[in-house]
Amino acid sequence: MAEIVIQNLRKEFGSFTAVQSSSFKIEDGEFFMLLGPSGCGKTTTLRMIAGLELPTAGEIYINGEEVGQKPASKRDIAFVFQMFALYPHMNVRKNISYPLASQGMPRAQIREKVAEVAQILGIEAILDRPVGGLSGGDRQRVALGRAIVRNPACFLMDEPLGALDAEFREHMSHELRALHDRIGATTVYVTHDQLEAMQMGDKIVVMNHGVIEQFGTPQDIYDKPATMFVAEFIGSPHMNFLKFHGSLAAGATTVEMHHQTLGMPALREAFDGDMVYGVRPEHIRLSDSAGYRGEVVATEYLGTTQIVTLQTHNGEVKARIASDQVARVGESVGLDFDPATVTLFDNQSGRAIRSNLNAGVLSHG
Amino acid sequence: MSSYSVTEPSSRQKWIAGCLVIAYALITIMPLLWIISTGFKTQNDAIAYPPEVFFEPTLEGYVNLFTTRTRQTEEFLQANPPATWYDEIVHERGMAIVGPSRFGERFLNSVIIGFGSTFLAVVLGTLAAYAFSRYRIPLKDDLLFFILSTRMMPPIAVAIPIFLMFRSLGLSDTHAGMILLYTGVNLSLSVWLLKGFIDEIPREYEEAALIDGYTRFQAFYKVVLPQAATGIASTAIFCLIFAWNEYAFAVLLTSGNAQTAPPFIPTIIGVTGQDWPAVAAGATIFLVPVMVFTILLRKHLLSGITFGAVRK
Ligand SMILES: Nc1ncnc2c1ncn2[C@@H]1O[C@H](COP(=O)(O)OP(=O)(O)OP(=O)(O)O)[C@@H](O)[C@H]1O
Ligand SMILES: [Mg+2]
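Bear in mind the structure is a predicted one, so any value in this text is a computation, not a measurement.

Colleague: Residue-level account of the domain arrangement of chain A, with values.
Modeller: With domains assigned, chain A is organised as domain 1 (4–223) and domain 2 (238–346). Taking the mean C-alpha position of each, domain 1 of chain A and domain 2 of chain A sit 40 Å from one another.

Colleague: Describe the site of ligand 1, and please don't skip the residues or the numbers.
Modeller: Residue and element names in this part refer to chain A. Every residue close to ligand 1 is listed here: Phe13, Phe16, Ala18, Ser38, Gly39, Cys40, Gly41, Lys42, Thr43, Thr44 and Glu159. For ligand 1, an oxygen atom lies 2.8 Å from a polar atom in the side chain of Lys42. Take Glu159: an N or O atom from its side chain is 3.4 Å from an oxygen atom of ligand 1. Elements represented by at least two residues in the shell around ligand 1 include exactly β2 (16–26) and α1 (42–50). Take the shell around ligand 1: its biggest share by element is 3 residues, from α1. Here the shell around ligand 1 is composed, by residue class, of 4 nonpolar, 5 polar and 2 charged.

Colleague: Would you mind going over the domain arrangement of chain B in detail, with residue names and values included?
Modeller: Per the domain assignment, the segments of chain B are domain 1 (58–101) and domain 2 (104–267). Here domain 1 of chain B and domain 2 of chain B have C-alpha centroids that lie 43 Å from each other.

Colleague: Please give an account of helix α12 (residues 229–245) of chain B that cites residues and values.
Modeller: The terminal C-alpha atoms of α12 of chain B, which comprises 17 residues, lie 24 Å apart, in line with the 24 Å expected from a rise of 1.5 Å per residue. What α12 of chain B keeps buried is the set Thr230, Gly231, Ile232, Ala233, Ser234, Thr235, Ala236, Ile237, Cys239, Leu240, Ala243 and Trp244 of chain B.

Colleague: Give me the sheet that holds strand β16 (residues 293–301) of chain A: which residues, what numbers.
Modeller: Residues and elements named next belong to chain A. In spatial order, the strands read β15-β19-β16-β17-β18; together these 5 strands make up an open sheet with antiparallel pairing. Among the strands making up the open sheet, the edge pair consists of β15 (284–286) and β18 (315–322). The sheet shows a mean angle of 45° between the axes of neighbouring strands, direction not considered. Of the pairings in the sheet, the one linking strand β17 (residues 305–312) to β18 comprises 8 bridges and is antiparallel in character. Directly across from Val308, in β18, lies its bridge partner Ala319.

Colleague: Break down the interface of chain B and chain A for me, with residues and values.
Modeller: Of the residues lining the interface, 21 residues belong to chain B; the matching set on chain A comes to 27 residues. Here chain B meets chain A over a buried area of about 2,200 Å², counting both sides, of which 59% is carbon and sulfur. Our enumeration of links across chain B and chain A arrives at 2 salt bridges. In this structure, Arg47 of chain A and Glu207 of chain B form a salt bridge, with 2.7 Å as the shortest nitrogen-oxygen distance. The interface formed by chain B and chain A holds 9 residue pairs in polar contact (both at pLDDT 80 or more) in total. Secondary-structure elements contributing two or more residues to the side of chain B that touches chain A are α10 (203–211) and α11 (216–227) of chain B.

Colleague: I'd like a description of the packing of aromatic side chains, backed by residues and values.
Modeller: All names here are of chain B. Tallied over the entire structure, the rule returns 25 aromatic pairs over all chains. Ring geometry for Phe107 and Trp244: centres 6.0 Å apart, planes at 90°, overall edge-to-face. Of this pair, Phe107 sits in helix α6 (residues 103–134) while Trp244 sits in helix α12, and the two are 137 residues apart along the sequence. For Trp244, a relative accessible area of 2% corresponds to the buried category. Between Trp244 and Phe286 the ring centres are 4.9 Å apart and the planes differ by 15°, which places this aromatic pair in the stacked class. A residue pair is termed long-range when its members are at least 10 positions apart, and Trp244 in helix α12 and Phe286 in helix α15 (residues 276–303) qualify at 42 residues. Exposure class is identical for Trp244 and Phe286. Each is buried.

Colleague: Got a sec to walk through unusual backbone geometry? Specific residues and values, please.
Modeller: Omega for the bond connecting Ser236 of chain A with Pro237 of chain A falls within 30 degrees of zero, at -5°, which places this linkage in the cis form. By the element assignment, Pro237 of chain A lies in the loop between α8 (228–233) and β11 (240–248). Cis rather than trans, the peptide bond between Tyr49 of chain B and Pro50 of chain B has omega equal to 0°. Summarising the element assignment, Pro50 of chain B is placed in the loop between α2 (43–47) and α3 (60–66). With a phi angle near 50°, Asn8 of chain A is a residue other than glycine that sits in the positive phi range. Even without being glycine, Asn63 of chain A reaches a positive phi, approximately 50°. Among the secondary structure elements, Asn63 of chain A is positioned in the loop between β4 (57–62) and β5 (65–66). Accessibility expressed as a relative area gives 47% for Asn63 of chain A, which makes it partly exposed.

Scoring rules and cut-offs
Residues numbered from 1 in each chain as written. Chains lettered and ligands numbered in written order. Predicted model: local features only at pLDDT ≥ 70, side-chain atom pairs only at ≥ 80, totals over all residues. Heavy atoms only, no water. Domains from an automatic or database assignment. Near = heavy atom within 4 Å. Polar contact = N/O pair within 3.5 Å; in protein donor to acceptor, adjacent residues only side chain to side chain. Helix = DSSP H or I, 4+ residues; strand = E, 2+ residues; numbered from the N terminus. Nonpolar A, V, L, I, M, F, W, Y, C, P; charged D, E, K, R; others polar. Expected span 1.5 Å × (residues − 1). Buried < 20%, exposed > 50% of the residue type's maximum accessible area, 1.4 Å probe, protein only. Pairing = 2+ DSSP bridges. Axes fitted to C-alpha atoms, helices over the stretch in contact; angles between N-to-C directions. Contact = heavy atoms within 4.5 Å. Buried area = accessible area lost by both parts, 1.4 Å probe. Salt bridge = Lys/Arg side-chain N within 4 Å of Asp/Glu carboxyl O. Phe/Tyr/Trp six-rings, centres within 6.5 Å; stacked < 30°, edge-to-face > 60°.

This is the structure:
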């Protein structure tokens, strides 16, 4: 069991900064997601927690102990690699028992533990097979077996489902989450797939260019994005951004856009300049009575819902509406935004402007 | 992984390819067969013209290779009847064995120097290649180029300085000196070849082992080495072939104590006759260790290749 605290963690490779001063806290037993686009420094962060990479600056605490300079083997962690990294010259059983052999555990006990783990993962039948011919899913299970056999304080997983095909991924992600719920050990999980992060995680850290953009629960991150990057990266289609210019006082609850008044949660700070009115596609309704208008450019049928793309004076907007509602291309329709869900952003820096909606989230972001 | 041609070659293509391979094999194996058969000929058969393909085999060449003999009078030969089969062969030519030749010694020297330098070149090469592959080393590229540059001229071009160096260091005509020299020459090849192989082994294996509680050296020993078996085996074969066959340095730097077989074999031809069968016998025996070594390691060349444990 482990609580992991990361403080001002930084990693430079020569003149390139892969991770810039990250801080976040992983509670004991949490399923924690490190989410971000390719090359943003997720793997580097995870490798520093594991001890495979030494931080340039900052601290890593596992259960209150600073481990930044400790070797990997002394940190009581298990790592599941993106490509599994099963030892190719050993069979499944040897692969799983390898970490135990290093501790000098007696053979009989190793056999027992391996059998127990194999049973949890349902791989008893392949224990004596070489790893070379295994399917992706079985390799994944063996890699997990090698990790859980030691009862480590925490699991670090680098895109463990990245090598599987889409259908199987779904299945394995449920299996993984169930396994976590059963074992209860802290898990840090790296992914670039926002859906996976939302589905599986208790908490999510969103990274971009080595910087932590937001840290919080999936709901908070989805409903109250701290930056435009987060709003854009999470959700499909992503949040709509209506650009406008104006001056708003603290306490304002409406903005003027193209001669229309649009609602939003009361602001907690004043702002003057270029802004972005952010609203998720599912919080837009098409209604003829609404004053703010757009022209339907395209529709995309998705079964129970459809995505309607509209051209407005403030940019392109996508709305998710019921598929039985009629939207014809070329038609002009009114757009009704759900004011309680709106986030305003500073267009220049991309950060969210504090309001009644997101004040609680931004204070520790 | 590698791509294969989708279309099967036609039987005609296969037939032509097969013929070409057989022709090539025949051309390369002819001299070898010639040497081996000459080893079993009499001296007269060996120089017969036109060359004899069918002849009565004799072990005379092999006996001559391993012994020194003197011509004896009829009386002496009658007073000392041959005690063994090889005595008998010598007797028939009116000679008697006075002692062993130096071939055994020279052959042993070749074994010690050839295998010794191969072992060192492979061990040092593996360690160096691992370091070059995995660690951040200042001036890494320059060092690698420098190592390669020792191969940019034939080693014999530096024969004179090496000769002088060995003389003043007391390494001339010693086993240690020859092992050192051949190791030095082979090391560049070994580092480069092995670096290529080790680069191909994903670091994740070692990192997994490090996390599993093994030390860096254990990870190297238990995870990297088995993966590099193919590379190590092929490197060892190349190194051995060079050290085993090397002639020029051996002539220059060895004479009595540490002389290897290559400079010795031509001297077997003798002062009086033209003992081609003995030379051929020496060459045949000389071939055996490299062949056995290659055949033994061939298994590793094929079985060391593993696919798919890390997905790419
Ligand atoms: N050893 C290294 N030397 C130099 N640069 C490195 C090294 N390791 C990583 N980087 C760089 O650091 C950046 C972050 O890499 P990292 O592997 O952490 O990204 P990631 O978020 O895991 O991306 P991905 O989703 O592609 O795995 C990348 O631009 C990468 O090129
Ligand atoms: Mg990565």
